Amino acid sequence: MKAIYFFSLLMSINSMAQFGDRHIVDIHSRGATDIVYMDANSDDLKDIIVSQVFNPFNKVVYYPRISDTTFGLPVMIDSLVYPQNLAVGKFDADDQMDIVSCSEYEKIIRVYYQQANGNYQKQTLDTLSGIKKIYAHKISGIANDEIIALSADEIRIYNNLSQTLSIDTLKHTQLQDMNCMAFDDYDADGDIDFIIAGKKIMIFENQSGSFQWDSLATANITIHSEIMADIALMDYNKDGNQDLIFTQNENGALVYALNDGQGNFSNQQVVKTGFGSIHDIQIGDIDTNGFEDIALVDIGVSKLEWIQFSNQGTGIKQHIFTEELPKTRVLELADINGDSQLDIIAADILSFHLYGNEIGIVDNYVDNFNIRYHSFSEISIEGVEGIEFEVFDINGKLLTRKRTYQQFSIENYRNQIVFLAFSNGSYKKLLIR
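Residues numbered from 1 in each chain as written. Predicted model: local features only at pLDDT ≥ 70, side-chain atom pairs only at ≥ 80, totals over all residues. Heavy atoms only, no water.

*Asks:* Is there a simple way to explain the overall build of the protein in this structure?
*Replies:* Of the regular secondary structure elements, the protein holds 0 helices and 40 strands. Evaluated residue by residue, the protein yields a buried proportion of 52% over its 433 residues. Put simply, of all contacts in the protein between residues at least 6 apart along the chain, 45% involve residues at least 24 apart. (Helix = DSSP H or I, 4+ residues; strand = E, 2+ residues; numbered from the N terminus. Buried < 20%, exposed > 50% of the residue type's maximum accessible area, 1.4 Å probe, protein only. Contact = heavy atoms within 4.5 Å.)

Structure below.
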């Protein structure tokens, strides 16, 4: 089988994760709508599953892992037309992970049951007009996961795939223009509740399997003029409660609302402004400092970005993964190469890619110099024009002498500590991965 390679070639500066040049997994993927990372063929290795649109590429496929850093050519699961997104879970009685997707164009929900041999049994579960997203979550406490389908004005839950649970309270007059969901026990009563976002955020409280609209929980959150593209949960202020993170694209902002621990959310506050149009939000500790960070896709300006947190809701710093992906729409955080660092799987309109994350070290960091990684083998130093620097190995041997804005090769210095000595008296200490 022809292999498609992933290269992890990055370093971290000042205990900050840095993400380098993109590495193409498949240049022929067209219009990815979602990415998930799981064992798709029962070989105990995690694979990459992608839903993608554009004729003749309407399909759900997976890229099988061959080794720690190698993925094979795509394997077709289904030719679903315009799949909206993907969710994974254990939907039947066996122990295999299954996949579910949906198509607004075909108005269907389709499940793919993974068999012990790695093949899939396909079932069209239901039809639903105006379906927006599909989710998988444990709602009722049964052994298997349930499937949750969200349309603009309705939610359906599929339990054990033997019956459709129609919940009248979720066919609610307030459910209008809904676009995305999150799941959390927001009121700490032991039941998983629904947090639904469109032009406004609504919470339906799970009362022992019966969902009731909690009109007060989000009463302080502003109603938006545009439909929210995504909503996520994170402990923003480190008080033990899950807070809301969501888009406010009409103002180019990412905002949050704090959970008081009693099931009430505060008036929204701004995390960061200056965005074009945020499309996808992912939460994870990218820099491994013990604080959750936010990764996002800004389709308004075609950027992948992440927002670093160094303490409770402060110490925020914005970083750019890349500005090279035209019309990037989706991303996934996952430890691809088993180094306990979250890597990035991202997809643009034409292809999808992997970004490695490695932690390095630096001492005596100087703000007016910036290290940039142009490829897997080249580094340049940007800063005060004309400043010279010398690169020494751990034993003090001079390796090279350069000026800022000049590139130098790191190919021969893998897994070595080097020192950058600047003519203004400052220095940097790097561990090159």
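*Asks:* When you look at the sheet that holds strand β11 (residues 98-103) in this model, what are you seeing that I'm missing?
*Replies:* The strands that make up a sheet are held in pairs by hydrogen bonds between backbone atoms, and each pair lies either parallel or antiparallel. The sheet built from 4 strands is open, its strands ordered β10-β11-β12-β13 with antiparallel pairing. The open sheet has two edge strands with one neighbour each: β10 (83-89) and β13 (120-127). Between one strand axis and the next, the sheet turns through 20 degrees on average, direction left out of account. Across 5 bridges, β10 lies against β11 in antiparallel orientation. When the sheet's bridge partners are listed, V88 is paired in β11 with I99. (Pairing = 2+ DSSP bridges. Axes fitted to C-alpha atoms, helices over the stretch in contact; angles between N-to-C directions.)

*Asks:* I tried to follow the sheet that holds strand β23 (residues 243-248) on my own but got confused; where do I start?
*Replies:* Strand order in the open sheet formed by 4 strands is β22-β23-β24-β25, and the pairing between neighbours is antiparallel. Strands at the two margins of the open sheet, each flanked by one partner only, are β22 (231-234) and β25 (269-272). Between one strand and the next, the sheet's axes are offset by a mean angle of 35 degrees, whatever the strand orientation. Sheet topology places β22 next to β23; 4 bridges connect them, and they run antiparallel. Within β23, the position partnered with A232 by the bridge is I245.

*Asks:* I'm lost on the nonpolar core in this one. Help?
*Replies:* Nonpolar side chains tend to gather and get buried jointly when the protein is soluble and globular. In this structure, F194 and L244 are the most contacted members of the largest nonpolar core, which totals 34 residues. For this core, the secondary-structure elements that each account for two or more residues are β15 (146-151), β16 (155-159), β18 (180-184), β19 (193-197), β20 (201-207), β22, β23 and β24 (253-257). Those residues in contact with F194, other than ones at most four positions away along the chain, are I139, I148, I155, I157, L170, M181, A182, F183, M202, I203, F204 and F211. Counting residues in hydrophobic clusters, the runner-up holds 15 residues, among them V271, I278, F291 and L296. (Core = buried A, V, L, I, M, F, W, Y, C linked by side-chain atoms within 4.5 Å.)

*Asks:* Where do I start with the packing of aromatic side chains in this structure?
*Replies:* What describes a pair of aromatic rings is the distance from one ring centre to the other and the angle between the planes of the rings. Applying the stated criterion to the full structure yields 6 aromatic pairs. With 5.6 Å between their ring centres and 85 degrees between their planes, F183 and F194 make a pair best called edge-to-face. Of this pair, F183 sits in strand β18 while F194 sits in strand β19; the two residues are 11 residues apart in sequence, bridging distant segments of the chain. Ring plane angle 20 degrees and centroid distance 6.4 Å describe the contact between Y186 and F265, whose orientation is recorded as stacked. Taken together, the residues span a long stretch of sequence, with Y186 in the loop between β18 and β19 and F265 in the loop between β24 and β25 at a distance of 79 residues. Here the two residues Y186 and F265 agree in accessibility, since each one is buried. (Phe/Tyr/Trp six-rings, centres within 6.5 Å; stacked < 30°, edge-to-face > 60°.)

*Asks:* Teacher, can you tell me more about the environment of T247 here?
*Replies:* Along the polypeptide, T247 turns up in strand β23. Looking at T247, its side chain comes within polar contact range of the main-chain nitrogen of A229, at 3.0 Å. (Polar contact = N/O pair within 3.5 Å; in protein donor to acceptor, adjacent residues only side chain to side chain.)

*Asks:* Even after reading the chapter, I still don't get the environment of E292, so can you show me in this structure?
*Replies:* Assignment of secondary structure puts E292 in the loop between β26 (278-284) and β27 (293-298). In this structure E292 comes out as partly exposed when scored by relative accessible area, which is 32%. Residues E292 and F309, spaced 17 residues apart in sequence, show a C-alpha to C-alpha distance of 6.7 Å. Other than its neighbours up to four places away in sequence, E292 contacts M234, D235, I283, G284, D285 and F309. A distance of 3.2 Å separates the side chain of E292 from the backbone nitrogen of D235, its partner in a polar contact.

*Asks:* What should I look at first to understand the pairing of strand β6 (residues 59-63) in this one?
*Replies:* Regular strands place side chains that alternate from one sheet face to the opposite one. With 5 of its 5 residues buried, β6 lies for the most part within the structure. Judged by which residues are buried, β6 turns out to be covered on both faces: K59, V61 and Y63 on one side and V60 and Y62 on the other are all buried. Across 5 bridges, strand β5 (residues 47-52) lies against β6 in antiparallel orientation. Across the sheet, the residue bridging to Q52 is K59, located in β6. As defined by bridge partners, β6 adjoins strand β9 (residues 75-78) across 3 bridges and the pair is classed as antiparallel. Across the sheet, V60 pairs through a bridge with D78, a residue of β9.

*Asks:* Please clarify how the confidence of the model for the protein should be interpreted in this entry.
*Replies:* Low-pLDDT portions of the prediction should not be read for the details of their coordinates. With 72% of its residues at a pLDDT of at least 70, the protein reaches an overall mean of 78. Below pLDDT 50 for its whole length, residues 1-16 participates in 67 contacts with residues either more than four positions away or in separate chains. Considering only residues more than four positions removed or in separate chains, one finds that residues 358-367, a stretch of pLDDT under 50, has 35 contacts. (pLDDT = per-residue confidence, 0-100.)

*Asks:* How do you make sense of the side chain of E146 when you look at a structure like this?
*Replies:* Structurally, E146 can be placed in strand β15. Salt bridges are absent for the buried E146, whose nearest opposite-charge side chain, K138, sits at 7.1 Å. Only 2.7 Å separates the side chain of E146 from the backbone nitrogen of I139, close enough to count as a polar contact. When neighbours within four sequence positions are excluded, E146 is seen to be in contact with F91, Y135, A136, H137, K138, I139, S140, I157, Y158 and N159. (Lys, Arg positive; Asp, Glu negative; His and termini not counted. Salt bridge = Lys/Arg side-chain N within 4 Å of Asp/Glu carboxyl O.)

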